[in-house]
Amino acid sequence: MMRADVKRLNEAESVGPTDRQTAALDRARGMTRRAEALLAAAGQSESAMHWYVLRTEPHAEIAVDKLLQDANVEHWLPFMKVEKRRRGGRKKQAKEAVSMLAWPGYMFVRIVPKPEAWAGLLTVKGVVGVLGANEKLFPVRHEKVLQLQVFLEGNVLAMGEIASVLQLGQMVRVNAGPFASHNGTVVEWDEDAGTVGVDVYIFGRAVPITLGLDQIDKG
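What you are looking at is a predicted structure, and each value in this text was computed from that prediction instead of being measured.

Chemist: Whenever I open this one, the packing of helix α5 (residues 142-153) against helix α6 (residues 156-164) confuses me. Can you help?
Modeler: Two numbers describe a pair of packed helices, the interaxial angle and the distance between the axes. α6 packs onto α5 with a crossing angle of 135° between their chain directions and a minimal axis gap of 8 Å. What the angle tells us is that α5 and α6 run oblique. When the axes of α5 and α6 are compared, the crossing they make is left-handed. In this structure, α5 uses H142, L146, Q147, Q149 and V150 to contact α6, whose residues at the interface are A158, M159, E161 and I162.

Next up, the structure:
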């Protein structure tokens, strides 16, 4: 091989990545570290995981939802159905149901509360923080998240999970409606309809009522 050829090879080997390539590598490393942190926090036992309320930048909810899905992190972006009037000249305008964000700027995430989990979440583009006060984060009970999923979306999987832990004779507490804060006993339930029959005790007498699965808490 001639000296000129060797010189050209040496020069070629000494050329490093461009600024654009370096930036791409840094982004890839950052994404890897984020994914590893999130997966480490997510891949734990059910008992170690808790729900928290995640705060996002305005209009970033859908993007954050996609990023968490790609990172295999359990989360829930709540939507609800609202009636929207159709435009037209008819006297009685028909209404159609449309989906909209239940709480813009907020979503639920289920992780193990560990430093690497928080560090991973805060690297997700669009995430502002986790709901809390005085450096203390507010966990949300799994049962309450299920009830919200039933109430807002009629989620059949959430209905099934709530119903699966109900037992005849079980004491429950009503959390909504005119009988809110009263205790009662489960006498029947209908998984298909998402309702439960409860005997509520008022002035020492049992009053039978039918409630949605989102309207009761464990007594």
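Chemist: Is there a simple way to explain a negative patch on the surface in this structure?
Modeler: A cluster of like negative charges, contributed by E188, D190, E191 and D192, occupies part of the molecular surface. Assignment of secondary structure puts E188 in strand β11 (residues 183-190). Using a relative accessible area of 51% as the deciding quantity, one classes E188 as exposed.

Chemist: Could you clarify how one ought to interpret unusual backbone geometry in this entry?
Modeler: Most peptide bonds take the trans form, and the phi angle of most residues other than glycine is negative. Although it is not a glycine, H59 sits at a positive phi angle of roughly 65°. The topology assignment puts H59 in the loop between β1 (50-56) and α3 (61-70). H59 sits in the exposed class, given a relative accessible area of 77%. Even without glycine at this site, S181 takes up a positive phi of about 80°. Among the secondary structure elements, S181 is positioned in the loop between β10 (171-174) and β11. S181 gets classed as partly exposed once you look at its relative accessible area, which sits at 45%.

Chemist: I tried to follow the sheet that holds strand β14 (residues 216-218) on my own but got confused; where do I start?
Modeler: Backbone-to-backbone hydrogen bonds pair the strands of a sheet. The strands run either parallel or antiparallel. Taken together, 5 strands build an open sheet; the order of strands is β13-β12-β11-β10-β14 and the sheet is antiparallel. Looking at which strands have only one partner, the edges of the open sheet turn out to be β13 (205-212) and β14. Across this sheet, the average inter-strand angle for adjacent strands is 45°, counted without regard to direction. Pairing between β11 and strand β12 (residues 195-202): 6 bridges, direction antiparallel. Across the sheet, D190 pairs through a bridge with T195, a residue of β12.

Each value, and the rule that gives it
- Residues numbered from 1 in each chain as written.
- Predicted model: local features only at pLDDT ≥ 70, side-chain atom pairs only at ≥ 80, totals over all residues.
- Heavy atoms only, no water.
- Axes fitted to C-alpha atoms, helices over the stretch in contact; angles between N-to-C directions.
- Helix = DSSP H or I, 4+ residues; strand = E, 2+ residues; numbered from the N terminus.
- Parallel < 35°, antiparallel > 145°, perpendicular 65-115°, else oblique.
- Left-handed = near helix turned anticlockwise from the far one by under 90°.
- Contact = heavy atoms within 4.5 Å.
- Patch = residues over 30% accessible without salt bridge, like charges linked within 9 Å, V, L, I, M, F, W, Y side chains within 5 Å.
- Areas by Shrake-Rupley, 256 points an atom, 1.4 Å probe, with all protein chains shown as cover.
- Salt bridge = Lys/Arg side-chain N within 4 Å of Asp/Glu carboxyl O.
- Lys, Arg positive; Asp, Glu negative; His and termini not counted.
- Charge placed at Lys NZ, Arg CZ, Asp CG, Glu CD.
- Buried < 20%, exposed > 50% of the residue type's maximum accessible area, 1.4 Å probe, protein only.
- Pairing = 2+ DSSP bridges.

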